[in-house]
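# An overview of the molecular structure
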Amino acid sequence: MIINGDGTIGGKIEEAVCFDDVLLKPQYSDIKSRSEVDIGNNLAGQHYYLPIISSPMDTVTEEAMCTAMAGRGGLGVIHRYNTIDEQQKMIETLYNQISNIAVAIGVSDDFKERATACVASGASTLCIDVAHGHHTLVEEAIKTLKDKYGEKVHVMAGNVATLKAFNDLADWGADSIRVGVGGGSICSTRIQTGHGIPTLQSVIDCAKTDRNALLIADGGFKVSGDVVKALAAGADFVMLGSMLAATDESPGETYISADGKRYKVYRGMASKEAQMEWRGKTASLEGVSTTVPYKGSVELVLAELEQGIRSGFSYTGARTLAELQTKAEFIKQTSAGQAESSTHILRRK
Ligand code: IMP
């Protein structure tokens, strides 16, 4: 029995696919070298060689990550779990080094003061960073920033999971929209609240938009193949947390375990640990804190990702993102297919 929101009974529960449910069909390709492929895209008037953005999280993005991301052709978004002064100092350090400085802000308390200070210090992208972006406070915040800055500031907002939400945020004035609710590797929103949509399904749905806002797929990426799937489904950029965490450029100490392995902390911004540190109290806990094996320089991670993405474009026979999105054909795989899609010899005993 299905009880609908309006109290009626009946209807059909929609199905949703996640990254591991699908594969892209290999197609005829005349691409002779992966270097012929252009995987880049534009945002805030800048061309990005890589369609990759690092998450505004306190264990992912501060100055060092922004510099490294820019150096490899991607974008970093400085997190908002700091004082306005601290955020301004980071922006000032980056000013001139980087042509588009992106920082996260919230929707309450000091958000207007923070936005004004960040733009005065040189930020040109403001990311309205809240867990449930289809919300009246986000509407107010987007409109406030757009009224004040117009085209001068690129407004990124989110997170949303449905086409209706994507269109609403675009109509309120958002230039780019983070798509994905509940899919992050450190996220417990679906466990805590029962809400969410697999990130790939949200991308498929939101890509049906006729609005001009950029679609940033956010949360749940494990491997470069997931990135290719999101781009093929209609994402303009992807946002990564765990894949870029525990690198030299991510904030935080590197620890060495008793058996000599190095690791760093990676935590959700709604985890108990993060909330206690930044607010001194906890509200709804919708994230966890964990450790991730140390990966070395993020440049190596990005270089490997780039190779996987280029190769992915080539399997579809696509030289550009637009071509990938036009040509891509998805198939759904069974659970036996999922097992075959992994490096299954590693599981044989
Ligand atoms: P990951 O790349 O799968 O690790 O997911 C990173 C994304 O998770 C971020 O870009 C945010 O959208 C989201 N996120 C960050 N902190 C939390 C949290 O505490 N709970 C739920 N989602 C979070």
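Heads up: the structure comes first, above all this text.
Residues numbered from 1 in each chain as written. Predicted model: local features only at pLDDT ≥ 70, side-chain atom pairs only at ≥ 80, totals over all residues. Heavy atoms only, no water.

## Considering the nonpolar core
Core analysis: the largest hydrophobic core is formed by 84 residues, its most contacted members being L126 and I128. If we ignore the near neighbours within four places in the chain, the residues touching L126 are V103, I105, A115, C118, V119, L145, Y149, V153, H154, V155 and M156. In terms of nonpolar packing, the next biggest core, distinct from the first, is built from 13 residues, I53, A102, A104 and F237 among them. (Core = buried A, V, L, I, M, F, W, Y, C linked by side-chain atoms within 4.5 Å. Buried < 20%, exposed > 50% of the residue type's maximum accessible area, 1.4 Å probe, protein only. Contact = heavy atoms within 4.5 Å.)

## Some remarks on the pairing of strand β8 (residues 154-160)
Along β8, seven of the seven residues are buried, which leaves the element largely enclosed by surrounding structure. As defined by bridge partners, strand β7 (residues 123-129) adjoins β8 across five bridges and the pair is classed as parallel. Along β8, the bridge assignment pairs C127 with M156. Handedness of the crossover joining β7 and β8 through helix α4 (residues 136-149) is recorded here as right-handed. Here β8 pairs with strand β9 (residues 176-179) via four bridges, running parallel. Note on β9: the bridge partner recorded for M156 is S176. The β-α-β motif built from β8, the intervening helix α5 (residues 163-172) and the parallel element β9 has right-handed crossover chirality. (Helix = DSSP H or I, 4+ residues; strand = E, 2+ residues; numbered from the N terminus. Pairing = 2+ DSSP bridges. Right-handed = clockwise from strand over helix to strand, strands pointing away.)

## Observations regarding the site of the ligand
Around the ligand sit 23 residues in total, of which S185, D218, Y266, A270 and E286 are the nearest. Separating an oxygen atom of the ligand from a side-chain N or O atom of S185 is a distance of 2.6 Å. Within the backbone of G241, one N or O atom sits 2.8 Å away from an oxygen atom of the ligand. Relative to its unbound accessible area of 510 Å², the ligand is 89% covered by the protein chains. Classifying every residue of the shell around the ligand gives eight nonpolar, 12 polar and three charged. (Near = heavy atom within 4 Å. Polar contact = N/O pair within 3.5 Å; in protein donor to acceptor, adjacent residues only side chain to side chain. Areas by Shrake-Rupley, 256 points an atom, 1.4 Å probe, with all protein chains shown as cover. Nonpolar A, V, L, I, M, F, W, Y, C, P; charged D, E, K, R; others polar.)

## A look at the pattern of salt bridges
Under the definition given, this model contains 22 salt bridges. Notably, a salt bridge pairs R80 with D129, separated by 3.2 Å at the nearest N-O pair. Here D129 lies in strand β7 and R80 lies in the loop between β5 (75-78) and α2 (84-94), a separation of 49 residues in the sequence. By relative accessible area, R80 is classed as partly exposed at 22%. Given a relative accessible area of 9%, D129 falls into the buried group. (Salt bridge = Lys/Arg side-chain N within 4 Å of Asp/Glu carboxyl O.)

## Some points on the packing of α2 against helix α3 (residues 111-121)
It is the contact of α2 with α3, at a shortest axis distance of 9 Å, that shows an interaxial angle of 20 degrees. Between α2 and α3, the interaxial angle falls into the category roughly parallel. The hand of the α2/α3 crossing is right-handed. Every residue of α3 that contacts α2 at I84, Q87, Q88, I91 and E92 is listed here: E113, R114, A117, C118 and S121. (Axes fitted to C-alpha atoms, helices over the stretch in contact; angles between N-to-C directions. Parallel < 35°, antiparallel > 145°, perpendicular 65-115°, else oblique. Left-handed = near helix turned anticlockwise from the far one by under 90°.)

## Describing the pairing of strand β11 (residues 237-240)
For a regular strand, the rule is simple: side chains alternate between the two faces of the sheet. Here β11 shows a buried face lined by F237 and M239 and a second buried face lined by V238 and L240. Two elements, strand β4 (residues 52-54) and β11, share three bridges in a ladder whose sense is parallel. Bridge pairing links I52 to V238 in β11. Judged from the three bridges that link them, strand β10 (residues 214-218) and β11 form a sheet pairing that is parallel.

As far as function goes, none of this settles anything; it's purely spatial.
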